[in-house]
Amino acid sequence: MSANTKWTEADVPDQSGRVAIVTGSNTGLGYETARVLADRGAHVVVAVRNLDKGREAVERIKAAVPKADLALQQLDVGSLDSVRIAADQLRAAYPRIDLLINNAGVMYPPKQTTVDGFELQFGTNHLGPFALTGLLLDHLLPVDGSRVVAVASVAHRIQAAIHFDDLQWERSYNRVAAYGQSKLANLLFTYELQRRLAAAGEPTIALAAHPGVSNTELTRHVPGSGLPGFRQIAGLLVNSAAMGALDTLRAATDPGASGGQYYGPDGFHELRGYPKLVRSSSQSHDPQLQRKLWAVSEELTGVSYPV
């Protein structure tokens, strides 16, 4: 592919024989990611919190892709019990896993906690995916070409820090800073996972992607999102869900991609456009921060890694 070529759905290679787990795939970026992978022949596990919405998504994908090979999995990444149950079921069903795409997330909610008592964004966006990946990883490790993809955000630069002295925002709460913390955590986790995989000589690689600003249900807590015409106006300014999913799809399937890479839109300030290699903040590349967050995450989730 030349430097001037835009990477699109058409560039996703054949995925026949591959098993792809996509969390939060009943809507938005996850739905579009699952649809394209199914269209390319992958067996796609639609892993969702709400099974009714999951069934609707499966039917919509099958209507668009009659040959789609899909399975439905109940999974609430905001609950460590749900993560463990889902991981046990997935391990039993799939001796080999080719792709794990950690897409499910929440953005800017009012202050809430998960059932485990974690701040909702940190628990859902980071700790749940951290636990799920750790519990499934030994079914990816033997598989050549297997990948773990984290869906991050430009928000990892916005008021973002890992507040080790108050990870759960018990002293005060800033929804923007809490979201930034969770998205910075996604990148710190990805880079530390890649370092560990490479050091162990494993074929599995870890990558991250971000969709720029996409017009999806994730924005439902953004101020003004309930106003008449918000969606229509937003649709003119930002990526559609299908465009936003291209960054994830490239990280997951581009044969030229390498571990530790980060993909985002090629437009102004990475807000919209086609996927290209981008660079995350210097803070996200701090190895000391990566290792500290990893240790805390293992402690909080009770999940340790085989690498």
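Residues numbered from 1 in each chain as written. Predicted model: local features only at pLDDT ≥ 70, side-chain atom pairs only at ≥ 80, totals over all residues. Heavy atoms only, no water.

## Details of the packing of aromatic side chains
Thought 1: In the structure shown here, the tally under the stated rule is 8 aromatic pairs.
Thought 2: An angle of 90° between the planes, with centres 6.5 Å apart, marks the rings of Trp 169 and Tyr 173 as edge-to-face.
Thought 3: Here Trp 169 falls in the buried class, since its relative accessible area comes to 6%.
Thought 4: Taken together, the ring pairs in this structure connect Phe 130, Phe 189, Trp 294 and Tyr 305 into an aromatic cluster. (Phe/Tyr/Trp six-rings, centres within 6.5 Å; stacked < 30°, edge-to-face > 60°. Buried < 20%, exposed > 50% of the residue type's maximum accessible area, 1.4 Å probe, protein only.)

## Quick look at helix α7 (residues 241–253)
Thought 1: In a regular helix each residue adds 1.5 Å, so 13 residues correspond to 18 Å; α7 covers 18 Å between its end C-alpha atoms and thus fits that length.
Thought 2: When the local axis directions of α7 are compared, the greatest deviation, roughly 30°, occurs at Asp 247.
Thought 3: Along α7, 11 of the 13 residues are buried, which leaves the element largely enclosed by surrounding structure.
Thought 4: Buried residues in α7 make contact with α1 (28–39), β4 (99–102), β5 (147–151), β6 (205–209), β7 (262–265) and β8 (275–277). (Helix = DSSP H or I, 4+ residues; strand = E, 2+ residues; numbered from the N terminus. Expected span 1.5 Å × (residues − 1). Bend = angle between axes of the 7 residues up to and from the residue. Contact = heavy atoms within 4.5 Å.)

## Points about unusual backbone geometry
Thought 1: The phi dihedral of Tyr 108 is positive, around 60°, even though this residue is not glycine.
Thought 2: The topology assignment puts Tyr 108 in the loop between β4 and α4 (120–136).

## A word on helix α5 (residues 175–199)
Thought 1: In this model, α5 (25 residues) spans 36 Å end to end at C-alpha, consistent with the 36 Å of a helix rising 1.5 Å per residue.
Thought 2: You can read the cap of α5 off the contacts: a side-chain oxygen lies 2.9 Å from the backbone nitrogen of Val 176, and it is on Asn 174. (Polar contact = N/O pair within 3.5 Å; in protein donor to acceptor, adjacent residues only side chain to side chain.)

## Description of the pairing of β5
Successive residues of a regular strand alternate their side chains across the two faces of the sheet.
Thought 1: Burial runs high along β5: 5 of the 5 residues are buried.
Thought 2: Burial along β5 is two-sided: the residues Arg 147, Val 149 and Val 151 and Val 148 and Ala 150 are all buried.
Thought 3: Strand direction decides the pairing type here: β4 and β5, joined by 4 bridges, are parallel. Paired with Asn 102 across the two strands is Ala 150, which belongs to β5.
Thought 4: In this fold, the crossover linking β4 to β5 by way of α4 has right-handed handedness.
Thought 5: The pairing of β5 with β6 spans 5 bridges and is classified as parallel. Counted as the bridge partner of Ala 150 is Ala 208 from β6.
Thought 6: Chirality of the crossover, the property in question, places the unit of β5, α5 and β6 among those that are right-handed. (Pairing = 2+ DSSP bridges. Right-handed = clockwise from strand over helix to strand, strands pointing away.)

## What to know about the pattern of salt bridges
Think of it this way: side chains of opposite charge can pair up when their charged atoms draw near.
Thought 1: A full pass over the atoms with the stated rule returns 12 salt bridges.
Thought 2: A salt bridge links Asp 39 to Arg 40, with the nearest nitrogen and oxygen atoms 2.3 Å apart.
Thought 3: Each of Glu 9, Glu 32 and Arg 35 takes part in a single network of salt bridges with overlapping partners. (Salt bridge = Lys/Arg side-chain N within 4 Å of Asp/Glu carboxyl O.)

## Quick word on a nonpolar patch on the surface
Thought 1: A contiguous nonpolar patch, built from Val 213, Phe 268 and Leu 271 and spanning about 280 Å² of accessible area, is present on the exposed surface.
Thought 2: Assignment of secondary structure puts Leu 271 in the loop between β7 and β8.
Thought 3: On the basis of relative accessibility, which here comes to 34%, the residue Leu 271 falls in the partly exposed class. (Patch = residues over 30% accessible without salt bridge, like charges linked within 9 Å, V, L, I, M, F, W, Y side chains within 5 Å. Areas by Shrake-Rupley, 256 points an atom, 1.4 Å probe, with all protein chains shown as cover.)

## What to know about the nonpolar core
Thought 1: Ranked by size, the top nonpolar core spans 44 residues in total, and within it Ile 21, Leu 136, Leu 137, Leu 193 and Tyr 305 carry the most contacts.
Thought 2: Here this core gets 7 residues from one element, more than from any other, and that element is α4.
Thought 3: In this structure, Val 12, Val 65, Ala 68 and Leu 99 belong to the second largest nonpolar core, which totals 32 residues. (Core = buried A, V, L, I, M, F, W, Y, C linked by side-chain atoms within 4.5 Å.)

## Considerations on the packing of α4 against α5
When two helices pack together, you describe them by how their axes are tilted relative to each other and by the distance separating the axes.
Thought 1: Direction vectors running N to C along α4 and α5 enclose 20°, while the axes themselves pass 7 Å from each other. If you check the angle between α4 and α5, you find them roughly parallel. Relative to α5, the crossing made by α4 is right-handed. Between α4 and α5, the residues in contact are Gln 121, Phe 122, Asn 125, His 126, Phe 130 and Thr 133 and Arg 175, Ala 178, Tyr 179, Gln 181, Ser 182, Lys 183, Ala 185, Asn 186, Phe 189 and Leu 193, respectively.
Thought 2: The class makeup of the residues in the contact of α4 with α5 is 7 nonpolar, 7 polar and 2 charged. (Axes fitted to C-alpha atoms, helices over the stretch in contact; angles between N-to-C directions. Parallel < 35°, antiparallel > 145°, perpendicular 65-115°, else oblique. Left-handed = near helix turned anticlockwise from the far one by under 90°. Nonpolar A, V, L, I, M, F, W, Y, C, P; charged D, E, K, R; others polar.)

## A closer look at the environment of Arg 96
Thought 1: By secondary structure assignment, the location of Arg 96 is in the loop between α3 (80–93) and β4.
Thought 2: Judged by its relative accessible area of 41%, Arg 96 falls in the partly exposed class.
Thought 3: Sequence separation of Arg 96 and Gln 261 is 165 residues, and the distance between their C-alpha atoms is 23 Å.
Thought 4: Discounting residues that sit within four places of it in the chain, Arg 96 has contacts with Gly 17, Val 19, His 139 and Val 143.
Thought 5: Only 2.4 Å separates the side chain of Arg 96 from the side chain of Asp 98, close enough to count as a polar contact.

## Some details on the sheet that holds strand β3 (residues 69–74)
Thought 1: Strand order in the open sheet formed by 8 strands is β3-β2-β1-β4-β5-β6-β7-β8, and the pairing between neighbours is mixed. Of all strands in the sheet, those bounded by a partner on one side alone are β3 and β8. When the angles between neighbouring strand axes are averaged without regard to direction, this sheet yields 20°.
Thought 2: Packing against the sheet, α1 makes contact with β1 (19–23), β2 (43–48), β3, β4 and β5, and its axis sits at approximately 165° to β1.
Thought 3: The strands that α7 touches are β4, β5, β6, β7 and β8; relative to β5, the one it contacts most, it runs at about 160°.

From the geometry alone we can't say anything about function, so treat these as descriptive.
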